[in-house]
Amino acid sequence: MWKKIVPSLVALSVREVPRVATVAVVSLAIAIAANAVHPMQLPLLTAKGQPGLPRWVASRFHAVDAQEAMRLVENPKVMVVDTRDTRDFSQQHIPGAISLPYHGFNEHYPQFTASVSKETPLLLYCYGTGCGLAGRVAKRLIIKGYTEVTTLSGGLNAWEAANLPLETPAVQKGQ
Amino acid sequence: MRISVRRIWRRLARERTAHIALRTGIGLVFVYASLDKVIHPDQFAEVMQDFEILPITVVSGAALWLAWLELVLGILLIAGVWVRAAALMVTGLTAVFIVGLSIAFTRGVGLHCGCFSTNPGGDVRTWTSLWQEGLLLLTCFWLAVQAFGELTRRKQGSEKIETDDEAVRA
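Note that this is a predicted model, so its numbers are computed, not measured.

A. Seen up close, the overall build of chain B. The helix and strand tally for chain B stands at five helices and two strands. Going from the N terminus to the C terminus, chain B shows its helices and strands as α-α-α-α-β-β-α. Here chain B holds 170 residues, and 35% of them are scored as buried. Across chain B, every contact between residues at least 6 apart in sequence was considered, and the portion connecting residues at least 24 apart equals 75%.

If you want it as structure tokens, here you go:
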């Protein structure tokens, strides 16, 4: 049966190419038009940076290196936010950091926003150079109204490479 | 002869009902799947980036386009407009999606499929959950077969009816 169906389907499909192309082009046109009026207004082509990051959001936070991040950590006003998974956070993290994982942001955010005011300066970090989780969480926090957001360039890898201190929970230390 | 024409018409009507139900069902699935992506294209772009298949340069644009393409295809299927083209495209999209998931799994990338929600806290997809996408692919393929089959049947049916009418007139 399939030996008959597949070739005839392919032959008939060729006739549908103009309609397929029309649907594809019309969808693209609608997508571009909708994006122009959408609050996010994504750049269609991302020359650098992260996909899914609107320019207006990207302009509202910046990345700092590990040494600059250390100065921020020493500032008691700054809240350090770990965007990695909670399991990794529980093993080790930057001293004083609280967990707001990207995977599970919607579930953890109510607790976060109840304890951290929107004017609090935030330092976000994730795993390493290629890790965009800090940027993704920064975007969500900026959209929700947080005004002072900074990310750690190179993430925890850069922090460790600079021999800066890490906090390991008591349970881990005891083992 | 009249009985024969009526029988053909009834059979066509029966098959059309099943076909309409199938295309409407798949259309609703695609419309539902597209809504969160259309509302949150930035989050869908993040999901697409996690697949690590497309160059980063084009991920945002592709996410925007795919979200609207799914919606347009769903509406076309529900409305019954250009069904053959739409059926082909949903089959192709589902096949490409399965290939994308398989490539990601092979690389050991754990990801959320972003099928119906762009929430990164959703279920992580695995090899064992691929049967769901496989089932959708089979259904879409069957719709395409039905859509082209209906075209063929309609042509054959109209030829048959014309022959019957000529016989009645004779």
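Still more to cover.
B. View of the nonpolar core. Core analysis: the biggest nonpolar cluster contains 38 residues, and Ala-63, Trp-68, Leu-73, Ala-86, Ala-87, Val-90 and Ala-144 of chain B have the highest contact counts within it. Elements represented by at least two residues in this core include exactly α2 (17–37) of chain A together with α1 (2–39), α2 (41–50), α3 (56–79), α4 (83–106) and α5 (130–169) of chain B. Tallying contributions element by element places α3 of chain B first for this core, with 14 residues. Among residues more than four places away in sequence, those in contact with Ala-86 of chain B are Val-23 of chain A together with Leu-73, Leu-76 and Leu-77 of chain B. In this structure, Phe-61, Leu-122, Ile-142 and Tyr-146 of chain A belong to the second largest nonpolar core, which totals 28 residues.

C. Highlighting the environment of Gln-146 of chain B. Residues and elements named next belong to chain B. Of note, Gln-146 is situated in helix α5. When the C-alpha atoms of Gln-146 and Ala-18 are compared, they prove to be 9.5 Å apart, with 128 residues separating the residues in sequence. Contacts of Gln-146, omitting those with residues within four sequence positions, involve His-19 and Leu-22.

D. Local environment of the sheet that holds strand β5 (residues 149–152) of chain A. Residue and element names in this part refer to chain A. Taken in spatial order, the five strands of this open sheet run β1-β5-β4-β2-β3, and their pairing is parallel. Looking at the sheet topology across the chains shown, the edges are occupied by β1 (61–64) and β3 (98–99). Sheet topology places strand β2 (residues 79–82) next to strand β4 (residues 122–125); four bridges connect them, and they run parallel. Across the sheet, Met-79 pairs through a bridge with Leu-122, a residue of β4. Sitting on the sheet, helix α7 (residues 133–143) is in contact with β1, β4 and β5, with an inclination near 175° to β5.

E. Highlighting the domain arrangement of chain A. You can read the domains of chain A as domain 1 (2–37) and domain 2 (55–174). Using only C-alpha atoms to locate each centre, domain 1 of chain A and domain 2 of chain A end up separated by 44 Å.

F. Representation of the interface of chain B and chain A within the structure. On the chain A side, the residues contacting the 31 residues of chain B number 34 residues. Secondary-structure elements contributing two or more residues to the side of chain B that touches chain A are α2, α3, α4 and α5 of chain B. A total of 13 residues in the side of chain B that touches chain A trace back to one element, the largest contributor, which is α3 of chain B. Within the side of chain B that touches chain A, the residues separate by chemical class into 21 nonpolar, seven polar and three charged.

G. Quick peek at the pairing of β5 of chain A. Residues and elements named next belong to chain A. The side-chain alternation of β5 yields two buried faces, one formed by Val-149 and Thr-151 and the other by Thr-150 and Leu-152. Two strands pair when backbone bridges link them, and β1 and β5 are joined in this way by four bridges, in the parallel orientation. Looking at β5, one finds that His-62 is bridged to Thr-150. Bridge count for β4 against β5 is three bridges, and the pairing is parallel. In the strand pairing of β5, Leu-124 is matched with Thr-151.

H. Expanded view of the packing of α2 of chain A against α3 of chain B. In contact at an axis separation of 8 Å, α2 of chain A and α3 of chain B are set at 120° when each is read in the N-to-C sense. With respect to α3 of chain B, the axis of α2 of chain A lies oblique. The handedness of the crossing between α2 of chain A and α3 of chain B comes out as right-handed. Where α2 of chain A approaches α3 of chain B, its residues Val-23, Ala-24, Val-26, Ser-27, Leu-28, Ile-30, Ala-31, Ala-34 and Asn-35 of chain A are matched on the opposing element by Leu-64, Trp-65, Trp-68, Leu-69, Val-72 and Leu-73 of chain B. Among the residues forming the contact of α2 of chain A with α3 of chain B, the class breakdown is 13 nonpolar, two polar and no charged.

Cut-off values and rules
- Residues numbered from 1 in each chain as written.
- Chains lettered and ligands numbered in written order.
- Predicted model: local features only at pLDDT ≥ 70, side-chain atom pairs only at ≥ 80, totals over all residues.
- Helix = DSSP H or I, 4+ residues; strand = E, 2+ residues; numbered from the N terminus.
- Buried ≥ 20, exposed ≤ 12 C-beta atoms within 10 Å, placed from the backbone.
- Contact = placed C-beta atoms within 7 Å.
- Core = buried A, V, L, I, M, F, W, Y, C linked by C-beta atoms within 7 Å.
- Pairing = 2+ DSSP bridges.
- Axes fitted to C-alpha atoms, helices over the stretch in contact; angles between N-to-C directions.
- Domains from an automatic or database assignment.
- Nonpolar A, V, L, I, M, F, W, Y, C, P; charged D, E, K, R; others polar.
- Parallel < 35°, antiparallel > 145°, perpendicular 65-115°, else oblique.
- Left-handed = near helix turned anticlockwise from the far one by under 90°.

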